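Single-letter residue listing:
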Amino acid sequence: MFIMESMGKKKARPRRSFTPEFKAEIVELCRRGDRVVGQVARGFELTETAVRSWVRQAEVDAGERDGLTSSEHEELAALRRENRRLREDVEILKRATAFFATETR
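Residues numbered from 1 in each chain as written. Predicted model: local features only at pLDDT ≥ 70, side-chain atom pairs only at ≥ 80, totals over all residues. Heavy atoms only, no water.

**Remarks on the overall build of the chain**
Applied cut-off: By definition, any uninterrupted DSSP run of H or I lasting at least four residues is a helix, any uninterrupted run of E lasting at least two residues is a strand, and each is numbered from the N terminus. C-alpha atoms define the radius of gyration, and 2.2 Å times the number of residues to the power 0.38 defines the globule rule. Working definition: with a 1.4 Å probe on protein chains only, accessible area under 20% of the residue-type maximum means buried, over 50% means exposed, and in between means partly exposed. Accessible areas in this description were obtained via Shrake-Rupley with a 1.4 Å probe; residue shielding takes into account the shown protein chains only. Charged-residue counts in this description rest on Lys and Arg as positive and Asp and Glu as negative, His and the chain ends being excluded. Charge placement uses NZ in Lys and CZ in Arg. For Asp and Glu, CG and CD serve respectively.
Scanning the chain from N- to C-terminus turns up 5 helices and 0 strands. Secondary structure elements of the chain, listed N to C terminal, follow the sequence α-α-α-α-α. Here the chain has a C-alpha radius of gyration of 24 Å; the compact-globule value for 105 residues is 13 Å, and the former is much larger. Along the first, second and third principal axes, the C-alpha set of the chain runs to 75 × 55 × 20 Å. In the chain, buried positions account for 12% of the 105 residues. Taken as a whole, the chain presents about 9300 Å² of accessible surface, with 54% of it coming from carbon and sulfur. Separation of charge centres in the chain, based on 22 positive and 19 negative side chains, amounts to 7 Å.

Now the structure itself:
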């Protein structure tokens, strides 16, 4: 029974991170036109989806395609983090106000 359960499931690949320099190299290989995205991805044991998204983001950064640039993505992420922190601060202040309001009565 155990063999049948494990046969159909693929083992999840651990999440890898890549340097911006490596991504730029891969994008350059794809842009040269010698090989298609799939060949480049297979050659470096990457997923086609990841390589295609790197190429798409490079096109946005270069102004060749509409969308948020990498710096805009970073700024948006920072603003969202700050917004979440501020909302938590407000929630804490609300609870503290309610606590002290009941204590003084």
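Moving on, there is more to tell.
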